[in-house]
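Structure assessment
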Amino acid sequence: MTKTIIAIVGASASGKSLFAQTIYQELSAQIPAKDLAIIEEDAYYRDQSHLPIKNRTATNYDHPDAFEHELLVEHLESLRSGQSVDVPVYDYNLHTRSDITRRVEPATVVIIEGILLLSDETLREQFDIKLFIDTPLDICLLRRIARDIQERGRTLESVSQQYESTVRPMFYEFIEPCKNHADIVVTRGGKNRIAIDLVKHKIRALLNTHNVND
Ligand SMILES: Nc1ncnc2c1ncn2[C@@H]1O[C@H](COP(=O)(O)OP(=O)(O)O)[C@@H](O)[C@H]1O
Ligand SMILES: O=c1ccn([C@@H]2O[C@H](COP(=O)(O)O)[C@@H](O)[C@H]2O)c(=O)[nH]1
């Protein structure tokens, strides 16, 4: 049964995924699978399979309404009550959910990462620990250009256009203000070894407490 949910937020390409995955991979090699799981907020982008592909590219993916946060809250509540959930799998190339889902078991500690997890009060209340990855926006843009071209089927023009029209303005409107809700602000994102080790240490301590109380 899930007892603790840790949210990792920050700008797109700030290093959230690298930070969360490093913690998850390193701990998973040492603890039972029932102790730790990881979920991405991106999996909860709304399904757009009913829209023609050219309309999908016009969606504002950096606004909270782009996400089905209601489903995410439902899933987190299910995990807390001991039920497994089928998390959608998002296809960035097609800008919609794929046909498959990923089964996530109610691990004692769940890590979740995403840009807008703290923008919604009901969702925010689900999190026991909240971290904000604070990376300068120009660094995020450089990383995003490289990643989106290599991994998400994008061109430099499309990344630049989207960055100016939605990514940057939505960051200032919705993401940056969420820093105030964070318990810890992490610099140097996915490569901050001290911060990674501190979170791993905290998870181990939580697991000891939860397992003793079971
Ligand atoms: N501290 C860092 N130094 C160098 N590259 C990084 C760092 N953090 C992340 N990256 C790289 O930047 C890209 C975006 O990082 P990612 O973790 O996917 O960001 P996010 O999940 O916040 O969108 C990836 O290619 C990742 O390997
Ligand atoms: O279909 C889509 C869905 C999302 N995006 C962009 O992705 C980022 C969020 O993902 P990160 O891994 O945190 O970067 C968001 O800024 C959206 O603009 C997209 O381009 N297309």
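Bear in mind the structure is a predicted one, so any value in this text is a computation, not a measurement. Chains are numbered independently. Their residues run from 1 in the order of the written sequence. Throughout, the order in which chains and ligands are written sets their labels, letters from A for the former and numbers from 1 for the latter. Under the rules for a predicted model, residues below a pLDDT of 70 receive no local features and side-chain atom pairs below 80 are neither given nor counted, while totals for whole chains, interfaces and linings still include all residues.

1. Here's the deal with the site of ligand 1
Taken together, 14 residues lie around ligand 1, and G15, K16, S17, G190 and K191 are the ones closest in. Counting from the N terminus, the helices are the DSSP runs of H or I reaching at least four residues and the strands are the DSSP runs of E reaching at least two. Of all the elements in the fold, those that place two or more residues in the shell around ligand 1 are α1 (16-28) and α5 (137-151). Looking at the shell around ligand 1 element by element, the count peaks at 3 residues for α1. Each residue gets a C-beta atom placed from its backbone. If that atom is within 6 Å of a molecule or strand, the residue is near it.

2. Examining unusual backbone geometry
Across residues other than glycine, the phi torsion is negative in most instances, and most of the peptide bonds are trans. Phi is positive for A13, close to 65 degrees, though the residue is something other than glycine. Relative to the assigned elements, A13 resides in the loop between β1 (4-10) and α1. Remark: C-beta atoms are placed from the backbone, and a residue is labelled buried if 20 or more other C-beta atoms sit within 10 Å of its own, exposed if 12 or fewer do, or partly exposed between those counts. With 23 C-beta atoms packed within 10 Å, A13 lands in the buried category. Phi is positive for H95, which is not a glycine, with a value near 55 degrees. Inspection of the secondary structure puts H95 in the loop between β3 (85-91) and β4 (96-104).

3. Observations regarding the sheet that holds strand β7 (residues 184-187)
Any two strands with at least two DSSP bridges between them are considered paired. Pairing in this open sheet of 5 strands is parallel, and the strands run β2-β5-β1-β6-β7 from one edge to the other. Here the strands that pair on one side only, and so sit at the sheet edges, are β2 (36-40) and β7. Neighbour-to-neighbour, the strand axes of this sheet turn through a mean angle of 20 degrees, independent of strand direction. For β1 and strand β5 (residues 109-113), the ladder comprises 5 bridges, and the chain directions are parallel. The residue of β5 that forms the bridge with I8 is E113. Sheet contacts for helix α7 (residues 193-213): β1, β2, β5 and β7; angle to β5, the most-contacted strand, approximately 150 degrees. Axes, fitted as lines to C-alpha atoms, cover a helix only where it is in contact. Angles between the N-to-C directions of the axes lie from 0 to 180 degrees. Throughout, a residue-residue contact means that the two C-beta atoms, derived from backbone geometry, are no farther apart than 7 Å.

4. As for the UniProt feature "binding site: ATP" (unreviewed entry) in the protein
UniProt positions are given in the numbering used here, feature names are shortened, and annotations may be inferred rather than shown by experiment. In the numbering used here, UniProt assigns the feature "binding site: ATP" (unreviewed entry) to G10, A11, S12, A13, S14, G15, K16 and S17. For A11, the position within the fold is in the loop between β1 and α1. Residue A11 is classed as buried on the basis of its C-beta count, with 27 C-beta atoms lying within 10 Å. The contacts of A11, once residues within four sequence positions are left out, are I115, T135, L137, C140, F171 and I175. Position of K16 among the secondary structure elements: in helix α1.

5. Considering the pairing of β1
Burial analysis of β1 places 6 of its 7 residues in the buried class, the great majority of the element. Judged from the 5 bridges that link them, β1 and strand β6 (residues 129-134) form a sheet pairing that is parallel. The residue bridging I8 from the neighbouring strand is L131, located in β6.

6. Some thoughts on helix α3 (residues 69-80)
If you check α3, its first and last C-alpha atoms are 16 Å apart, about what 12 residues at 1.5 Å a residue would give, namely 16 Å. Here α3 has its buried residues at H69, L72, H75, L76 and L79. In an axial view of α3, the angular spread of the buried residues amounts to 115 degrees, which keeps them on one side of the axis. Exposed side chains of α3 directed beyond 90 degrees from the buried face belong to E70 and E74. The secondary structure elements touched by the buried residues of α3 are β1, β3, β5 and α4 (121-124). Take the number of residues in a helix, subtract one, and multiply by 1.5 Å to get its expected span. What the arc covers is the set of directions going from the helix axis to the C-beta atoms.

7. Remarks on the site of ligand 2
Taken together, S12, A13, S17, D42, Y45, Y61, D62, Y92, H95, I115 and V167 make up the full set of residues near ligand 2. Following the grouping adopted for this structure description, the nonpolar residues are Ala, Val, Leu, Ile, Met, Phe, Trp, Tyr, Cys and Pro, the charged ones are Asp, Glu, Lys and Arg, and the polar ones are all others, Gly among them. Residues of the shell around ligand 2, tallied by class, amount to 6 nonpolar, 3 polar and 2 charged.

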